[in-house]
Amino acid sequence: MTLDVLIVDGRPESRRALAACLPAGARAREAATGAAALAETRRRGPDCLLVAQDLPDMAGLDLVRALRDGAGEPAQAVVLVAEPDGEAEAVAAMREGAGDYIDRRRCDPHTLRRSIRVARDRLALVRSRAQALAALRASEERLRRREAELSRAHRLGRSGGHEVDLRGGRFHARRSPEYLEIHGLPPEAWDEPHEAWLARVHPDDRARVERAFLDAVAAARAEYAIDYRIVRPGDGQVRWVSVLAEIERDAAGRPLRLFGTHTDVTERKLSEERLRLALEAVGGIVYDWDLTTGEVVRSGPVRAMLGFDPAEAPPRAEWWQDRVHPDDLPRVRAEAAAALARGRERLTCEYRLRHRDGRWLDLADHASILYGPGGPVRAIGSTVDITARTRAEAELRASERRFRAVFENAAVGVGCVDLRTMRCLDVNEALCQMLGRSRAELMSRPWPEITHPDDLEPDLSLFRRMGRGEIDRYAVEKRYLREDGGTLWARVAVSLVRDADGRPAFEIAVIEDVTERRAAEAALRASEARFRRVVDSNILPFALGGPDGRIHYVNDAFVALTGHGRDSFAGGSVGAKSVGSGPLGWDDLTPPEFRGLDAARRAELARDGAAAPYEKEIVTRDGRRVPVLVALTPAGGAAGEQAAVVVDLSAQKAAEAALARSNEALEAMVAERTRALRATAEELAAEMARREAAQAGLLRAQKLEALGQITGGIAHDFGNVLAAVLGSYRLIGRRTVDEGVRDILRQGTAAAERGHAMVRQLGLVARSEPLDPVRVDPRRLVPQVEALARHALGAGIALACEVELACEVDDDAWPVRADAHLLEVALLNLVVNAREAMPGGGRLRLTVANRPAGMGPAGMGPAGMGLAGDAVAFEVIDTGTGMAPEVLDRAVEPFFTTKGPGRGAGLGLAVVHGFAERSGGALRLRSAPGAGTTATILLPRADGEP
C-alpha cells in the first residue's frame, strides 16, 4: 500500500526537503498552514503528518492538540519536525499525542522512515487500547443482562405481589403487604390508584417505565418485566425494584388482568455496580485457579483480549500454558515455583501469549495465593493486556536514546540547569568546547559566574520568572566568559521542563555561538553608514522601498526634486496616505495614469531580478508634474527592498517639445508643398490626356473627313451612273412585253436599287446626305421598328421591346428631334448586327429610357457622352459573342468588318455613328468576349411642340 504523508510547513523549501526524504513510492501532500492541514485531514486522513514546530497561523504543538479525537486520544500519526532549539516543544508534543519527533537539521531518509514507523505504531497502540476498553464495556453490558435474566429465574424469592385489573381501559390495582413494605407505603394504600404508583417512580425512569407498561398491555406478549427506581414516600430512600409479571388475555387477545411481583434488587444493583467498577479497575480477565485440580474459572473480556469465545477456552490451566511463548514459559514456571516454595501470597509475572490470530500479546498476571494445611490450594487473580504499555515503554526508551544522541552530538551547546542552584545538571561536549571549560567545571559552577557582568541582570531576571513558572521559554543574546579570558557572544534559547504535576523542574538551554554574526553585523552597520554618506551626497535622486510601493529612505536630491521633507517618506504605504496626511509612498507621488506602470515594473523586478528603465511623471509638493526616468534595481534584504534612481527629464522634454514643434511646422510646409505639386501634376496629366484625346479625335475627324470627301465624290458619280441605268431599265420596261426580258429588267432594277441604297449610305458616311429632323415620339417609333426587326431577325432570337420609365413625375419617355427614317435605319442596323453576333440564337432587347442631365451609368449619362442637357437613350442589348477590345476600338470605322468576304461592307456601325453625331447625339458601345454587346444611341431631348 502506498504511504500517504501530509507535510505541514509554511516554508516551500522545507516541504520540498522533507518530501525528498520520504521512502520511495510514498505520496506526499502539502499544507502551508495548520488550518489547511486540518481541512486536508478531514477531507482524507493521511497515514502520517510531518508537522513543523512553527507554522504561519499556529504552533505545531497546537496542531497536534487539534488532531486529537473527542476522547482526547491521538487520531492521526504525527511526527513533529523540531527546530534545533525545540527539544522542549518536541517533548510537549509527545505528551499531547505526537508519535515521534525529528531534528530538522538531522533529517535524513533513514531517520524520517523510522520516525514515521514509530508514530504509526504508537497510533495503532492507542487505537488497540481504545478497542480493548470498548470490548470491556461491551462485556460488562452482557454481564448486566445475564444478571437480570438470573433475577427473573429467581422471581419466587422474597418479593411483593400485585394484581392490576386491565378491563375497561382503567387500571385498578391490589397490592400485597410485602409490596407495601418494599415501597414504604402504609397498609391502607393497598388499593392506591395507578397514578400514585407512577408518581412514586424515579423522575429519570418515569417516562421509560410508563411507556414500557403501556406497550406491554397493548402488545400480544404474555410477560412483562422491567427494573426501575422508586422514591419511597416515607423515608425518601431510592430503591431499585425488579418487576416480573404475566398478562392474562381473553380469546380475542384483549388484556384482562396483570399478575406480578416486585422484588427489591437494590443490593444486587449495588453489587453489580461494584463488580463493574472492579472489572473496570482491573481492565483484564479475572480467574479463579484451583491448584489441586487444575481447573480454572475465567470471566471478563476473554474474547476481546484473546480472540476466543469463553466457550472455546477449556477450563484447564494447561490450555493457557500451551499458548505462552516458548521463550517465556520456563521463566514463568520457575518464578511461580519459587514463589510457592517460599510461601509468598502475592505473585506477579509478565509473559507473552499467542492471540487467536497468531500475534503475540504482552500480558501481566497479578495473583493472590491461598494456602491450605497441605500447601497452596487456589490462585485468584487477573490477567491484563500490557502490549500497548510495553511497546510504549520500548518506544520511550528508544526516544530517550535518540534524545541522548541528539544531546551529545548537537552542533550547538546544550545544558540542563537546576532552577534552584543555577548549576548545570548536564552539558554536552559542544558547550564545553565553545566555552573552553571541562564538563566537571561547568556542572560545578553556577552559570552567573561565567556570564559577562554587563549581561547578567536581564538574563537573571528572566531566569527567576521561569523558576516561578511565569514563563515557559525565553531567548537572549549575551556574552560568556571563556576559560582563556576571552568572551563569546551567544544566542541562548531557554525552555522550561515541568514535572508530572506541572511544577517547574529544570530548564534546557540551547547556546549558539553568534560571535562571527555579531562581527558581521557591526561590519554591515559600518558599510551602511558609508553607503548612506555616498547616496546622500549623490546629485541624482535616490530612494529605497519595498515591492509594495513603500518608501523607506530618500536622499537629499530626491527631497529637492519632490519638495517633500525626508520625514514624509518614513514607512509610507502605497495608496494608504494622501499627500500631507501621513507617510508618502510611490502612489502618492505618481499621477493615476502611471501607477499601473509603476506596479508592473516593481513586480517585474521582484519576479525576474531586473526591470527595464521607464519614463513617468512625479507630482511635486506644489502640484507640478515633473517628467522623470526611473531605473529600479534590487537592494537585497529579506523584505525584497528595491532601489530607485531617478533622472529629471524636464530640460530634455522641453528640448524635445521644441524640436517636435519645429518638426511639425516643417512637416506641415512639406505637406502643403507636396499637395500643391500633386495638384499641379494631376492637372498636367489631365491636360495631357485631354490633348491626346483631342489629337486622336482630330486625327479621326480628319481621316473621316478625307474619307467622306472621297466617298462623297464616288457616291455622287456612282449615283449619276445608277440613275442612268435605272432610267434605261424603266424605258425598256415600258416598251417590251417579253417576260424573259422583263425578268432580266426586274433583276437589274433590284441590283441598281441596292446600289442606290449603298450610295445613300455612303452619303450618310460622308455627311453629304441631308437630314430631315422632326419631333419623334419613341412610343410610336419603337413598335414600327419592332415589326421591321422581327421580320428581319429570323428564327432563334427572342426580342423584348419596351419603354423604360425614369424616376420622374412624368412616366412617359421624352420625344427626340431626329430624322425618323434614318433613326429607324440606325436601329435596324443595330438589330441586324446583334442578330449576326448571335449565330446560335440568343436574347435581344431594345429599350428606350430617359437620361436626365448629370445622371446615368458611369460614362453613359448625357454629360459622360458629351451632351449638355437631357437626353433619351436607345439601347440594343444582345447576348452574343461580344467583341474583343481591339475590335471594339475600330468598330465604327467605315469599311471595317470582321465578317468574311461578301457578308458585309463594314458601313453599318459607321452609318449609325455618323447619324448620331449629325443628330447632336452620340453612339457608345460596351462589349466583352462572351458577355454580349450593348449599343446605345443617345439623342437630345426635343423641347416644345413639333
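Refer to the structure presented above.
Cut-offs applied
Residues numbered from 1 in each chain as written. Predicted model: local features only at pLDDT ≥ 70, side-chain atom pairs only at ≥ 80, totals over all residues. Heavy atoms only, no water. Disulfide = S-S within 2.5 Å. Core = buried A, V, L, I, M, F, W, Y, C linked by side-chain atoms within 4.5 Å. Buried < 20%, exposed > 50% of the residue type's maximum accessible area, 1.4 Å probe, protein only. Helix = DSSP H or I, 4+ residues; strand = E, 2+ residues; numbered from the N terminus. Contact = heavy atoms within 4.5 Å. Axes fitted to C-alpha atoms, helices over the stretch in contact; angles between N-to-C directions. Left-handed = near helix turned anticlockwise from the far one by under 90°. Nonpolar A, V, L, I, M, F, W, Y, C, P; charged D, E, K, R; others polar. Polar contact = N/O pair within 3.5 Å; in protein donor to acceptor, adjacent residues only side chain to side chain. Salt bridge = Lys/Arg side-chain N within 4 Å of Asp/Glu carboxyl O. Phe/Tyr/Trp six-rings, centres within 6.5 Å; stacked < 30°, edge-to-face > 60°. Lys NZ or Arg CZ within 6 Å of the ring centre and 35° of its normal. Pairing = 2+ DSSP bridges. Expected span 1.5 Å × (residues − 1). Arc of directions from axis to C-beta.

This paragraph deals with the state of the cysteines. In the structure shown here, the tally under the stated rule is zero disulfides. For Cys432, which is in no disulfide, the shortest distance to another cysteine sulfur is to Cys424 and amounts to 9.0 Å.

Right, let's get into the nonpolar core. Counting residues in each nonpolar core, the largest one holds 35 residues, and the members touching the most others are Leu823, Leu827, Leu830, Phe874, Leu925, Ile937 and Leu939. The greatest single-element share of this core, amounting to eight residues, is contributed by helix H24 (residues 820-836). Beyond its immediate chain neighbours, meaning those up to four positions away, Leu827 contacts Leu781, Val785, Leu846, Phe874 and Ile937. Counting residues in each nonpolar core, the second largest holds 26 residues, with Leu460, Phe463, Met466 and Val494 among its members.

Our focus in this paragraph is the packing of H24 against helix H26 (residues 908-918). H26 packs onto H24 with a crossing angle of 145 degrees between their chain directions and a minimal axis gap of 9 Å. Of the two elements, H24 crosses H26, and the hand of that crossing is left-handed. Residues Leu822, Leu823, Ala826, Asn829, Leu830 and Asn833 of H24 pack against Gly908, Leu909, Val911, Val912 and Phe915 of H26. Residues that form the contact of H24 with H26 fall into these classes: eight nonpolar, three polar and no charged.

What follows concerns the environment of Glu96. Residue position: Glu96 is located in helix H4 (residues 87-96). It is 6.7 Å that separates the C-alpha atoms of Glu96 and Val64, two residues lying 32 residues apart in sequence. What Glu96 contacts, discounting residues up to four positions off in sequence, is Leu61, Val64, Arg65 and Arg68. Of note is the side chain of Glu96, whose polar atom sits 2.8 Å from the side chain of Arg68.

Here the focus is the pattern of salt bridges. Applying the stated criterion across every chain yields a total of 70 salt bridges. With its nearest N and O atoms 2.4 Å apart, the salt bridge here joins Arg43 to Glu40. Here Glu40 and Arg43 lie together in helix H2 (residues 34-43), a separation of three residues that amounts to about one turn. In this structure, the salt-bridge partner of Arg359 is Asp357, at a minimum N-O distance of 2.7 Å. Relative accessible area serves as the criterion here: at 44%, Arg359 is assigned to the partly exposed category. Shared partners join several salt bridges into a network, and the residues in it are Asp4, Arg27, Arg29, Glu40, Arg43 and Arg44.

So, about the environment of Ala138. Assignment of secondary structure puts Ala138 in helix H5 (residues 109-153). A relative accessible area of 34% places Ala138 in the partly exposed class.

Summed over the entire model, instances satisfying the criterion amount to nine aromatic pairs. With centroids separated by 5.3 Å and ring planes inclined at 70 degrees, the aromatic side chains of Trp447 and Phe463 adopt a geometry described as edge-to-face. Remark: Phe463 occurs in helix H16 (residues 453-467) and Trp447 occurs in the loop between helix H15 (439-444) and H16; sequence separation between them is 16 residues. A relative accessible area of 8% places Trp447 in the buried class. Using a relative accessible area of 2% as the deciding quantity, one classes Phe463 as buried. Where Phe558 meets Phe569, the ring centres are 5.6 Å apart and the plane angle is 80 degrees; that geometry is what we call edge-to-face. Taken as a pair, Phe558 in helix H18 (residues 556-562) and Phe569 in the loop between H18 and helix H19 (586-589) lie far apart in primary sequence, eleven residues in all. We classify Phe558 as buried; its relative accessible area is 0%. On the basis of relative accessible area, Phe569 is assigned to the buried category, the value being 1%. Feature note: the residues Phe171, Trp197, Phe213, Tyr224 and Tyr228 constitute an aromatic cluster, connected by ring pairs. The ring of Trp489 has Arg518 lying over it, and the distance from NZ or CZ to the ring centre is 3.7 Å. We note Arg941 situated over the ring of Trp814; from NZ or CZ to the ring centre the distance is 4.1 Å.

Turning our eyes to something else, we now look at the sheet that holds strand S8 (residues 223-231). In space, the five strands of this open sheet follow the order S7-S6-S10-S9-S8, with antiparallel pairing throughout. Strands at the two margins of the open sheet, each flanked by one partner only, are strand S7 (172-175) and S8. Strand-to-strand twist in this sheet, taken as the mean axis angle between neighbours without regard to direction, amounts to 25 degrees. As defined by bridge partners, S8 adjoins strand S9 (residues 238-249) across nine bridges and the pair is classed as antiparallel. Paired with Glu223 across the bridge in S9 is Glu246. Sheet strands in contact with helix H8 (residues 203-218) are S8, S9 and strand S10 (255-264), and its direction is about 160 degrees off that of S8.

Both strand S6 (residues 160-165) and S10 contribute to a ladder of six bridges, which runs antiparallel. Bridge assignment links Gly160 to a residue of S10, and that residue is His262. In terms of strand pairing, S6 meets S7 through four bridges, oriented antiparallel. For Asp165, the partnering residue across the bridge sits in S7 and is His172.

An α-helix turns once per 3.6 residues; consequently, residues spaced three or four apart project the same way. With 16 residues, H8 extends 23 Å between its outermost C-alpha atoms, agreeing within 8% with the 22 Å of an ideal straight helix rising 1.5 Å per residue. Every buried residue of H8 is listed here: Asp205, Val209, Phe213, Ala216 and Val217. What you see down the axis of H8 is that its buried residues fit within an arc of 95 degrees, all on one side. Exposed side of H8, more than 90 degrees from the buried face: Ala207 and Ala218 are the residues found there.

Position of Thr936 relative to the elements: it lies in strand S32 (residues 933-940). Engagement of the side chain of Thr936 in a polar contact is seen with the side chain of Glu875, the distance being 3.1 Å.

On to the environment of Leu133. Within the element layout of this structure, Leu133 appears in helix H5. Judged by relative accessible area, Leu133 falls into the partly exposed class, the value being 42%. When the C-alpha positions of Leu133 and Pro301 are compared, they lie 9.4 Å apart, and in sequence the two are 168 residues distant.

Take the side chain of Asp819 next. Positionally, Asp819 belongs in the loop between strand S28 (816-818) and H24. In this structure the side chain of Asp819 is engaged in a polar contact, spanning 3.1 Å, whose partner is the backbone nitrogen of His821. Within the structure, Asp819 has its side chain in polar contact with the backbone nitrogen of Leu822 (distance 3.2 Å). Not counting the four nearest positions on each side in its chain, Asp819 is found in contact with Leu771, Asp772, Pro773 and Phe915.

This part is about the sheet that holds strand S24 (residues 625-636). Reading across the sheet, the five strands line up as S22-S21-S25-S24-S23 and stay open at both edges, with antiparallel pairing between neighbours. Sheet topology places strand S22 (551-554) and strand S23 (614-619) at the edges, where each strand pairs with a single neighbour. Across the sheet, the mean angle from the axis of one strand to that of its neighbour is 35 degrees, orientation sign disregarded. Lying over the sheet, helix H17 (residues 515-536) contacts strand S21 (542-545) and S22, oriented at roughly 70 degrees with respect to S22. The sheet contacts of helix H20 (residues 592-608) involve S23, S24 and strand S25 (641-648), and relative to S23 the element is tilted by about 125 degrees.

Taken by themselves, the reported measurements are silent on function.
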